[in-house]
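# Report on the structure
Chain by chain, the residues run as shown.
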Amino acid sequence: STLPEVRRAAVAPSVLGAVLQLFNGVTFIGEGVMVGTQSFPALAAGQVVATAALLAGLRRAHSLTAVWWCFWLFNGVRLANVLCHHFVRGPLAGEPPHGLRWAARRRGRRAGTS
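Below is a short write-up of the structure. The shown structure was predicted, so the numbers you read here are calculated from the model rather than taken from an experiment.

Glancing now at the packing of aromatic side chains. Summed over the entire model, instances satisfying the criterion amount to three aromatic pairs. Centre to centre, the rings of Trp-68 and Phe-71 are 5.2 Å apart; their planes meet at 75°, and the pair counts as edge-to-face. Here Trp-68 pairs with Phe-71, and both are found in helix 3 (residues 64-89), just three residues apart, close to one helical turn. Of the aromatic side chains, those joined through ring pairs into one cluster are Phe-23, Trp-69 and Trp-72.

Here you go:
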């Protein structure tokens, strides 16, 4: 636009949207891996939580910049779900850290595996 007010108003949403794309790439790759490993329940649960967070944020958003912050929240929850799945609960989890070994043993006892 040639209007200076419009240009000033568009700066923050444009920057937020551009930087968000970096995180979206990692999120989409991680979710694609989750689909490939057939981790559908974890993927669906993450989407439900992310959507609830987005809707809650949008109820309070009163500007275009606030809407873009809601997209950050939505994709941040999705990214957290991907990272948690891959590195805490999923195929790349490996041995739990020392402080969490008791939780893994306890889960095994409840399931009747040890």
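Taking 1.5 Å of rise per residue, 33 residues should cover 48 Å, and helix 1 (residues 4-36) covers 48 Å from first to last C-alpha, within 8% of that figure. Buried within helix 1 are the following residues: Pro-13, Leu-16, Gly-17, Leu-20, Asn-24, Thr-27, Gly-30, Glu-31 and Met-34. Just beyond helix 1, the residue with positive phi is Gln-38, at close to 55°.

Cut-off values and rules
Residues numbered from 1 in each chain as written. Predicted model: local features only at pLDDT ≥ 70, side-chain atom pairs only at ≥ 80, totals over all residues. Heavy atoms only, no water. Phe/Tyr/Trp six-rings, centres within 6.5 Å; stacked < 30°, edge-to-face > 60°. Helix = DSSP H or I, 4+ residues; strand = E, 2+ residues; numbered from the N terminus. Expected span 1.5 Å × (residues − 1). Buried < 20%, exposed > 50% of the residue type's maximum accessible area, 1.4 Å probe, protein only.

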